[in-house]
Every structure is written in C-alpha cells, then in structure tokens.
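Fold and contact review
Now for the letters of each chain:
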Amino acid sequence: MKNESVVDLIKDLTAKLSAVAEEFNGRVAHAADPEPTGDEPSEAALIARAEAVLSDRRMRRQFLPAELFHEPAWDMLLALFVSRDDRQPMNIKALVSMSDAPVTTSQRWIEHLHKLKLIDRVIDPADRRRVEISLSHAGDQAMRAYLRGLLRR
C-alpha cells in the first residue's frame, strides 16, 4: 500500500513537472519571437536599413584601404538579410562575392556562421554541387533586433 502511494505521488509530481516544463518552453519561445508592436519598424524599413549599412560599408573602401574593413562574416549576414526579401536563398558563389574576401576565407566564415547557427545550408537536390545559404531563424531574429536598434537610435 505504501509503495502504491509513493508511485502515485511520483506520477503526480512527474505530471506537474511536465506541465511546468511546457509552460516554461512556451514562455521561452514567446520571448524569442516577440510580436511586433505598433512602434516596430516595417519589414521594408528593416531591409532598407540593411541595404544602407551594406552600401555604407562598401563606400568606405573608395576612400580608405580595404584591409581596414575586413569583416566578411558581417557583410555576408547583411547580404543574406537583404536577399531574403527576394525569398530566394543565396548560393555560396554569390555569397562569397558579397564578402569581398578570398574564397577560402569566405568559405571558412560560412562554416563558422553555420556552426553558430546563424545561417542554414541546403544542398540543391537538382544540382548537388550547389549549396544554398540563407539566414537561420536565429540569424534572422538577431539581424532584425540589430536593425531595429539602429532605427530606434
């Protein structure tokens, strides 16, 4: 009889802990994807800001040595954010050209961005040599947060 009450207690406690875990996971998911308020910049405003940042970064190279501004990963993240408006993933060759860095350096950065879970890589089923790159959900949310911060300043 004692064992049955302990087993019942454990089952009850397990059910309560599961309910708490579900509630916690729901709150974490909601916090990670906050719903936009009326004060939030529009999608078009975020894309325009990303394009402006990318353009400003390129313009620096007209006046100062390019070696001073070697951030291929940042250029790639900006380019991927802007290109997502076209609803088309970018292939590695196009992404490398956006970074203004040597191919091998760019490829190492692509690998690093993937390890950081900021980008997704998908092999094209029609041409397995072609790998399409896009911002991951986490990468998209991080870029959006950054661009919203810029627009609020």
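The rules behind the values
- Residues take numbers from 1 onward in each chain, read along the sequence in its written order.
- Selection of residues for local features in this predicted model requires a pLDDT of at least 70, selection of side-chain atom pairs for listing and counting requires 80 or more, and totals for whole chains, interfaces and linings are taken over all residues.
- Excluding hydrogens and water, the side-chain figures rest on all heavy atoms present in the structure.
- Numbering of helices and strands runs from the N terminus, with a helix taken as a DSSP run of H or I at least four residues long and a strand as a DSSP run of E at least two residues long.
- The definition of a nonpolar core used throughout is a set of buried Ala, Val, Leu, Ile, Met, Phe, Trp, Tyr and Cys residues joined through side-chain atoms within 4.5 Å.
- Exposed residues in this analysis have more than 50% of their type's maximum accessible area, buried residues have under 20%, and partly exposed residues fall in between, with area computed by a 1.4 Å probe over protein chains only.
- Strands pair, by our definition, only if DSSP identifies at least two bridges between them.
- Helix axes use the C-alpha atoms of the stretch in contact, all axes being lines fitted to C-alpha atoms, and the angles between their N-to-C directions lie in the range 0 to 180 degrees.
- Just so you know how the angles are binned, under 35 degrees is roughly parallel, over 145 roughly antiparallel, 65 to 115 roughly perpendicular, and the rest oblique.
- Whether two residues are in contact is decided by their heavy atoms, any of which lying within 4.5 Å being enough.
- Classification used: nonpolar for Ala, Val, Leu, Ile, Met, Phe, Trp, Tyr, Cys and Pro, charged for Asp, Glu, Lys and Arg, polar for all others including Gly.
- Any pair of N or O atoms that falls within 3.5 Å is considered a polar contact. Within protein, one atom must be able to donate a hydrogen and the other to accept it, and sequence-neighbouring residues count only if both atoms are side-chain atoms.
- What counts as a salt bridge is simple: a side-chain nitrogen of Lys or Arg found within 4 Å of a carboxyl oxygen of Asp or Glu.

**Overview of the environment of D39**
Position of D39 relative to the elements: it lies in the loop between α1 (2-32) and α2 (43-63). Once the C-alpha coordinates of D39 and R152 are considered, the two residues, 113 residues apart in sequence, prove to be 9.7 Å apart.

**Structural notes on the nonpolar core**
By size, the foremost hydrophobic cluster in this structure holds 25 residues, and its most contacted members are L80, F81, L95, I110, I119, I133 and L135. Counting residues per element, the ones that place at least two in this core are α2, α3 (72-83), α4 (92-99), α5 (103-115), β3 (131-135) and α6 (137-152). Broken down by element, this core gets its largest block of residues, 8 residues, from α3.

**Some words on the sheet that holds strand β2 (residues 119-123)**
Here 3 strands make up an open sheet; going across it, the order is β1-β3-β2 and the pairing antiparallel. Of all the strands in the sheet, the pair left with one neighbour each is β1 (90-91) and β2. Note that β1 and β3 share 2 bridges and pair antiparallel. Looking across to β3, one finds that N91 is bridged to E132.

**Remarks on the packing of α4 against α5**
Close contact between α4 and α5 brings their axes to 9 Å; oriented N to C, the two are set at 110°. Compared by their axis directions, α4 and α5 come out roughly perpendicular. Contacts from I92, L95, V96 and S99 of α4 reach α5 at V103, S106, Q107 and I110. Taken together, the residues of the contact of α4 with α5 sort by class into 5 nonpolar, 3 polar and no charged.

**Here we look at the side chain of S136**
With respect to the secondary-structure elements, S136 resides in the loop between β3 and α6. For S136, a relative accessible area of 6% puts it in the buried group. Only 3.0 Å separates the side chain of S136 from the backbone nitrogen of G139, close enough to count as a polar contact. With residues up to four places along the chain from it excluded, the contact list for S136 reads K117, L118, I119 and D120.

**With respect to the pattern of salt bridges**
Two side chains bearing opposite charge may form a pair once their charged atoms approach each other closely. One pass over the structure, following the stated rule, counts 11 salt bridges. With a closest N to O distance of 2.8 Å, E43 and R144 form a salt bridge. Highlighted residues: E43 in helix α2 and R144 in helix α6, separated in sequence by 101 residues. In this structure E43 comes out as partly exposed when scored by relative accessible area, which is 31%. Among the salt bridges present, the one from E111 reaches R121, with a minimum N-O distance of 2.6 Å. Separated by 10 residues along the polypeptide, E111 in helix α5 and R121 in strand β2 bring together distant segments of the chain. Where salt bridges share partners, they join R57, R61, E71 and D75 into one cluster.

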